[in-house]
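Descriptive analysis of the structure
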Amino acid sequence: MTLAELLPTLGRCLPGRLDPGVWPDDCARRPGGDIALSGVPLTRLARDHGTPAYVLDVATIRGRCREYRALDAEIAYAAKAFLCRRMAALVAEEGLSLDVCSAGELATARAAGFPAERILLHGNAKPDHELRLAADAGVGRVVVDSPDEIDRIPGPQDVLVRVTPDIDAHTHRAVATGIEDQKFGLSLTSGQAAEAVRRILARPDLRLLGLHCHLGSQLSDVAAHVEAVRRLVGFSADVAVRHGVLFPQLNLGGGHAVRYRARDAGYDLAAFAARVPEVLRFECRKHGLPVPRLTLEPGRALVARAGLTLYRVVAVKRGGARTFVAVDGGFSDNPRPALYDARYDVRLFGRTSTAPERRAAVVGRHCEAGDVLVPDALLPDDVRPGDLLVVPCTGAYHHSMASTCNRVGRPPVIAVEDGRAEPWVRRETDQDLLSRDA
Ligand SMILES: Cc1ncc(COP(=O)(O)O)c(C=O)c1O
Ligand SMILES: N[C@@H](CCCC[NH3+])C(=O)O
């Protein structure tokens, strides 16, 4: 082992180590308290690009894309997790397909030259102009998610039907989408899905390639996907008997959990690979059906761990009910704690401290009492204004869900690859915000 290989390993054994299941692949503490990401010190990124800033490690994204591509399935990256022109180009380069859910995501994919035949269009409320744009672009598949949409899709078009299999995958209510009482999909049990299939098949210019389901987000149990395979193959068998149609594709959506903190459960991709294709073959044999090609739509699992958010401490309040450490970002760059009670790790970087660690709430700078980024952070007791903090696992649903709350511009996205840092998205300035006003 060379010294260069040994150093990060040693770093992982030190107290306050950066858990490799939470942090980007090549991320390690440096003497003096800095953290280096693929060889680039985070203090340098904070100095050159300011804070708050999203940082993305490209090698980690590529690595995750390749792990998924090694499965026997088509992998369609769910763009809603994070998209910009450069990300779309990277996804194309890695040979993945792309799930888009808006005209904006589609426009970004097209601007990056993403092959249209590898794009799937999703949405429970696709306006006519979006369906028209998809048709003009030659989008490969439209995923039907409402009965009225069936008459509005311009033909000829390949489609899938999004079904709700009534599976509770035990996740936060706001991201549970496989159960009956929520807005996505066409329910299997009520007959909505069967009726949609009948109407699609009655349109000769639509080619129905198969079924889709997405059970929800942050799912850590493979059993939910196994059950989905059983129900969807069962329904495919009904369609085969009733209409004489065999489906060549089966799309199981995304939702594979990531570990935001060391104690969190992730998704066991090896268990998925060992179990799901086998169950699919078994169920198809049982019903006398050909085995369809699987499609998966991971979003978070491909990008979350690649991302870090850098903040600077602006104010510290001690002596009250709790210690409040206020940073220069907050709710506008990360609404997930407020929306889903999401919990994160946070670390001081850029200096060392021998002070004992104590609980503190890391809060944002917005005019909202609920603007709390990490309610139970463990930080050195001498944390002070000017310090730098980093929150890991922020590559998914952070930039893509950022707002301009209080007219605070959105942070830049700085991509790091091969020891170089490059902005993929520049910071939104006050002038940018003003430029849209009358
Ligand atoms: C249809 C569909 N596919 C894929 C995803 C990606 O989910 P995740 O980022 O949790 O993998 C979503 C979002 O939940 C979705 O709605
Ligand atoms: N935005 C959510 C997940 C929704 C995924 C899209 N259906 C999150 O941050 O966890």
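Our subject in this report is the structure included herewith. (Residues numbered from 1 in each chain as written. Chains lettered and ligands numbered in written order. Predicted model: local features only at pLDDT ≥ 70, side-chain atom pairs only at ≥ 80, totals over all residues. Heavy atoms only, no water.)

1. A few points about the side chain of arginine 62
Formally: Note on conventions: DSSP H or I runs of at least 4 residues are helices, E runs of at least 2 residues are strands, and numbering of each starts at the N terminus. When a residue's accessible area, from a 1.4 Å probe over protein chains only, is under 20% of the maximum for its type it is buried; when over 50% it is exposed; and in between it is partly exposed. Any pair of nitrogen or oxygen atoms within 3.5 Å is treated as a polar contact; in protein, a donor-acceptor pairing is required on top of that, and neighbouring residues in sequence qualify only through side-chain atoms on both sides.
Within the secondary structure, arginine 62 is located in helix α3 (residues 58–69). Judged by its relative accessible area of 16%, arginine 62 falls in the buried class. Here the side chain of arginine 62 touches glutamate 93 through a polar contact of 3.0 Å, side chain to side chain.

2. Some words on unusual backbone geometry
Here threonine 51 and proline 52 are connected by a cis peptide whose omega angle stands at -10°. Relative to the helices and strands, proline 52 is located in the loop between α2 (42–49) and β4 (53–57). With an omega of -5°, the peptide bond running from glycine 155 to proline 156 counts as cis. You can see proline 156 is positioned in the loop between β8 (141–144) and β9 (157–164). Positive phi outside glycine occurs at serine 38, with the angle close to 45°.

3. Some remarks on the site of ligand 1
Threshold: By convention in this text, a residue qualifies as near a molecule or strand provided that one of its non-hydrogen atoms is within 4 Å of it. Using a 1.4 Å probe, accessible areas were evaluated by the Shrake-Rupley method; residue-level cover was limited to the displayed protein chains. The nonpolar class holds Ala, Val, Leu, Ile, Met, Phe, Trp, Tyr, Cys and Pro. Asp, Glu, Lys and Arg form the charged class, and all remaining residues, Gly among them, are polar.
Near ligand 1 you find 15 residues, and of these His214, Ser217, Gly255, Glu297 and Tyr397 are the closest. In the model, a nitrogen atom of ligand 1 is placed 2.8 Å from a nitrogen or oxygen of the glutamate 297 side chain. Tyrosine 397 is positioned with one of its side-chain polar atoms (N or O) 2.6 Å from an oxygen atom of ligand 1. Relative to its free-state accessible area of 390 Å², ligand 1 is covered by the protein chains to the extent of 92%. Taken together, the residues that form the shell around ligand 1 break down as 3 nonpolar, 7 polar and 5 charged.

4. Section: the packing of aromatic side chains
Rules: Think of it this way: a Phe, Tyr or Trp ring, Trp meaning its six-membered ring, pairs with another when their centres are within 6.5 Å, and the plane angle makes it stacked under 30 degrees, edge-to-face over 60, tilted otherwise.
The final tally for this structure, using the stated rule, is 2 aromatic pairs. Ring plane angle 55° and centroid distance 6.2 Å describe the contact between tyrosine 267 and phenylalanine 272, whose orientation is recorded as tilted. Each of the two residues, tyrosine 267 as well as phenylalanine 272, counts as buried.

5. Re the pairing of strand β21 (residues 420–425)
Counted only if it meets this: Here, a strand pair is defined by DSSP locating no fewer than two bridges between the strands.
Alignment of strand β20 (residues 413–417) against β21, held across 5 bridges, turns out to be antiparallel. Paired with valine 416 across the strands is alanine 421, a residue of β21. The turn linking β20 back onto β21 is made up of 2 residues, and aspartate 418 within it adopts a positive phi angle of 50°.

Everything listed here is a matter of geometry and, on its own, says nothing about what the molecule does.
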